[in-house]
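Below are the chains, spelled out letter by letter.
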Amino acid sequence: MKKILVVEDDQNISRSLAVRLKNAGYDVTVASDALSGLEFAIRKPPDLVLLDISLPAGNGFSVAEQLQSLLSTATPFVFLTASQKPGLREKANKLGAAAFFQKPYDGSELLEAIRLVLAGERVSEESQVYSI
């Protein structure tokens, strides 16, 4: 069973993601801030990380950078954000993100992107799914 770490501070979103991912057959761990996300990733290395960009105790970009140096294997990550700030997608791209989703996003498109990333395939650039 593939392990997914969700790092999201909005409890409604993280709960919804956890339920959807578990129903899709994934082993899900949820962290509500950047620091606990790093701790969970080190204790139980995930196969994929879903990262909100705006987080307490850090941000999704810093978590991604630290995970890249701390984990022994390359772990793909997908960014989620409600922010409209310019340049976020480009920054995610520079960090090597597998995909970038603007909130609100379509849950089935997110699941498909996760499936593709875990299968080592490229995420297509359709609708709200932004291939990186």
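Residues numbered from 1 in each chain as written. Predicted model: local features only at pLDDT ≥ 70, side-chain atom pairs only at ≥ 80, totals over all residues. Heavy atoms only, no water.

(A) The overall build of the protein chain, seen in detail. Within the protein chain one finds five helices and eight strands. Secondary structure elements in the protein chain, listed N-terminal to C-terminal, are β-α-β-α-β-β-β-α-β-α-β-α-β. Against the globule reference of 14 Å for 132 residues, the protein chain gives a C-alpha radius of gyration of 13 Å, in line with a compact fold. Principal-axis analysis of the C-alpha atoms places the extent of the protein chain at approximately 35 × 35 × 30 Å. The proportion of buried residues among the 132 residues of the protein chain is 45%. Considering only contacts in the protein chain between residues 6 or more positions apart, those separated by 24 or more positions represent 61%. (Helix = DSSP H or I, 4+ residues; strand = E, 2+ residues; numbered from the N terminus. Rg over C-alpha atoms; globule rule 2.2 N^0.38 Å. Buried < 20%, exposed > 50% of the residue type's maximum accessible area, 1.4 Å probe, protein only. Contact = heavy atoms within 4.5 Å.)

(B) Highlighting the packing of helix α2 (residues 34-43) against helix α3 (residues 60-70). At a minimum axis separation of 10 Å, α2 and α3 run at an interaxial angle of 20 degrees. Taken together, α2 and α3 sit at an angle that is classed as roughly parallel. When you trace α2 past α3, the crossing you get is right-handed. On α3, the residues that touch Ala-34, Leu-38, Ala-41 and Ile-42 of α2 are Val-63, Gln-66, Leu-67 and Leu-70. Tallied by class, residues from the contact of α2 with α3 come to seven nonpolar, one polar and no charged. (Axes fitted to C-alpha atoms, helices over the stretch in contact; angles between N-to-C directions. Parallel < 35°, antiparallel > 145°, perpendicular 65-115°, else oblique. Left-handed = near helix turned anticlockwise from the far one by under 90°. Nonpolar A, V, L, I, M, F, W, Y, C, P; charged D, E, K, R; others polar.)

(C) Local environment of the environment of Gln-68. Mapping Gln-68 onto the fold places it in helix α3. Distance from Gln-68 to Ala-119, taken between C-alpha atoms, is 20 Å for residues 51 residues apart in sequence. Setting aside anything within four residues of it in sequence, one finds Gln-68 in contact with Phe-77 and Leu-95. In this structure the side chain of Gln-68 is engaged in a polar contact, spanning 2.7 Å, whose partner is the backbone oxygen of Leu-95. (Polar contact = N/O pair within 3.5 Å; in protein donor to acceptor, adjacent residues only side chain to side chain.)

(D) Region of interest: the confidence of the model for the protein chain. When pLDDT is averaged along the protein chain, the result is 89, and 93% of the positions lie at 70 or above. Scored below 50 in pLDDT, residues 126-132 shows 32 contacts in the model against residues more than four places distant or in partner chains. (pLDDT = per-residue confidence, 0-100.)

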